[in-house]
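Structural overview for review
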Amino acid sequence: MKHLICNYEELKQEGKKAVSIDRKPIVVVHSQSGEVYALRDVCPHKGPCLSAGMMDKNCSSNEVGEYIFEQEKEVLRCPWHSWEFDIKTGRSLFDPEKVKVKTYEVTIEDNQVFVEV
């Protein structure tokens, strides 16, 4: 079932929005590319709300002291222990096969953001 979350422009300004749908905590995020994604708003490590964390680009490195910011991969960082999750897939950066958060389908119709739960 689709649930109306907010106006697209509102989300674009705020960057992310925490909601509860059928008692499920969900965070809806606006990426720098203009896409919108929805993830379960609970870090699998200790349970804090991911919506309280920061959005950032993924940073990788080939050697000590080198920082490569990847434009195509944005992450949501847990506010407690900085675990990072790819906003597109919900997979963690450190163990993507085992540690992830559920993602939900998002649609935009008539400038309104909907999440399918």
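Here is what the cut-offs are and how they apply
- Residues numbered from 1 in each chain as written.
- Predicted model: local features only at pLDDT ≥ 70, side-chain atom pairs only at ≥ 80, totals over all residues.
- Heavy atoms only, no water.
- Disulfide = S-S within 2.5 Å.
- Buried < 20%, exposed > 50% of the residue type's maximum accessible area, 1.4 Å probe, protein only.
- Helix = DSSP H or I, 4+ residues; strand = E, 2+ residues; numbered from the N terminus.
- Pairing = 2+ DSSP bridges.
- Axes fitted to C-alpha atoms, helices over the stretch in contact; angles between N-to-C directions.
- Salt bridge = Lys/Arg side-chain N within 4 Å of Asp/Glu carboxyl O.
- Phe/Tyr/Trp six-rings, centres within 6.5 Å; stacked < 30°, edge-to-face > 60°.
- Lys NZ or Arg CZ within 6 Å of the ring centre and 35° of its normal.

Brief notes about the state of the cysteines
Throughout the structure, instances matching the rule amount to zero disulfides. Cysteine Cys43 is unpaired, with the sulfur of Cys78 as its nearest cysteine sulfur at 3.7 Å. The exposure class assigned to Cys43 is buried, which follows from its relative accessible area of 2%.

Some words on unusual backbone geometry
Even without being a glycine, Asp22 presents a positive backbone phi close to 50 degrees. Its location among the elements puts Asp22 in the loop between strand 2 (16–21) and strand 3 (24–30). Backbone geometry places Asn111, a non-glycine residue, at a positive phi of 65 degrees. Here Asn111 is to be found in the loop between strand 8 (103–109) and strand 9 (112–116).

Remarks on the sheet that holds strand 9
Strand order across the open sheet formed by six strands is 1-9-8-4-3-2, with antiparallel pairing between neighbours. Whereas interior strands pair on both sides, the edge strands pair on one side only; in this sheet they are strand 1 (2–7) and strand 2. Between one strand axis and the next, the sheet turns through 30 degrees on average, direction left out of account. With five bridges joining them, strand 8 and strand 9 adopt antiparallel strand pairing. Bridge pairing links Glu109 to Gln112 in strand 9.

What to know about the pattern of salt bridges
Tallied over the entire structure, the rule returns five salt bridges. Where Glu84 meets Arg77, a salt bridge forms, and the shortest distance between an N and an O atom there is 3.2 Å. What you see here is one network of salt bridges that share partners, running through Asp56, Arg77 and Glu84.

Quick word on the packing of aromatic side chains
This model, assessed by the stated rule, comprises one aromatic pair. With a centroid separation of 4.7 Å and 70 degrees between ring planes, the pair formed by Trp83 and Phe94 is classed as edge-to-face. Here Trp83, found in the loop between strand 6 (68–77) and strand 7 (84–86), pairs with Phe94, found in the loop between strand 7 and strand 8; they are 11 residues apart in sequence, far enough to count as distant. Here Phe94 falls in the partly exposed class, since its relative accessible area comes to 48%. Geometry around Phe114 places Lys2 over its ring, the cationic atom sitting 5.2 Å from the centre.

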